[in-house]
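Residues per chain, in single letters:
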Amino acid sequence: MSNKVKIGVLGAGTWGIALARLLSNAGHSVTVWSAIEEEIDILSSTRRHPNIPDIELPEQIKYTKEIKLACLDQKLILFAVPSPFVRSTARMAAPYISAEQIIVDVAKGIEEETLLTMTDIIAEEIDRVFLRQRNDILYQRLQGFRITMNIRYDPTIFHLFSFTLVSNAFHFTFDFF
């Protein structure tokens, strides 16, 4: 694939794994991180997610227990952690986020205390680490209904979302699939 992209996926739940699988199957280099070490051990050894056991995960997906490895040298970082953990994950990842990276938030929700979106929380935590607003990082969010269970069987469903997301993020037509 001529447009192979290095992608870090933060979060190894069904949504993160479904996206990691699609991106890997499309020829991209994917590294998945989870704060739950047992989850990484299971995924690494079985190549299956416990909640979607009928789907085998590509051998090419790399798994790590170190958030640093999922962030450094990646063109795109997908935040796919549950919304209550977005802030803490962004705080852990922030030191490893660099200029020109594209941050994609796929978590839904609004933080109860601040009324910030998950994307705003990610930006706030990254800015806090650098003690300034980072205008050199592009933040995007994937919005829409939950399609995890559908895309595992029919990747064309996700294709419509990915085209819009990626073309907006890169400001030109770039298709992950």
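For clarity, every value in this text was computed on a predicted model and none was experimentally measured.

1. Looking at helix α5 (residues 118-130)
Quick reminder: α-helices carry 3.6 residues per turn. Residues three or four places apart thus point the same way.
Reasoning step 1: Taking 1.5 Å per residue as the helical rise, α5 with its 13 residues ought to reach 18 Å, and the 19 Å between its terminal C-alpha atoms agrees with that figure.
Reasoning step 2: If you check which residues of α5 are buried, you get M118, T119, I121, I122, A123, E125, I126 and D127.

2. Quick word on the pattern of salt bridges
Reasoning step 1: Per the stated rule, a full pass over the model turns up 9 salt bridges.
Reasoning step 2: D41 is paired through a salt bridge with K65; the nearest N and O atoms lie 2.7 Å apart. Taken as a pair, D41 in helix α2 (residues 37-46) and K65 in the loop between β5 (62-64) and α3 (67-71) lie far apart in primary sequence, 24 residues in all.
Reasoning step 3: Look at D41 and you get partly exposed, because its relative accessible area is 38%.
Reasoning step 4: Accessibility expressed as a relative area gives 37% for K65, which makes it partly exposed.
Reasoning step 5: Linking E125 and R87 is a salt bridge whose minimum nitrogen-to-oxygen distance equals 2.5 Å. Of this pair, E125 sits in helix α5 while R87 sits in helix α4 (residues 86-93), and the two are 38 residues apart along the sequence.
Reasoning step 6: On the basis of relative accessible area, E125 is assigned to the buried category, the value being 1%.
Reasoning step 7: Linked by salt bridges that have partners in common, R87, R91, E111, E124, E125 and R128 make up one network.

3. A word on the nonpolar core
The nonpolar side chains of a soluble globular protein tend to be buried with one another.
Reasoning step 1: Formed by 23 residues in total, the largest nonpolar core has its most connected members in I7, V9, I17, V32, Y63, L78 and V106.
Reasoning step 2: For this core, the secondary-structure elements that each account for two or more residues are β1 (6-10), α1 (14-25), β2 (29-33), α2, β6 (76-79) and β7 (102-105).
Reasoning step 3: Broken down by element, the residue count for this core peaks at 5 residues, all from α1.
Reasoning step 4: Sequence-distant contacts of V9, defined by excluding residues within four places in its chain, comprise G16, A20, V30, T31, V32, W33, L78 and A80.

Each value, and the rule that gives it
Residues numbered from 1 in each chain as written. Predicted model: local features only at pLDDT ≥ 70, side-chain atom pairs only at ≥ 80, totals over all residues. Heavy atoms only, no water. Helix = DSSP H or I, 4+ residues; strand = E, 2+ residues; numbered from the N terminus. Expected span 1.5 Å × (residues − 1). Buried < 20%, exposed > 50% of the residue type's maximum accessible area, 1.4 Å probe, protein only. Salt bridge = Lys/Arg side-chain N within 4 Å of Asp/Glu carboxyl O. Core = buried A, V, L, I, M, F, W, Y, C linked by side-chain atoms within 4.5 Å. Contact = heavy atoms within 4.5 Å.

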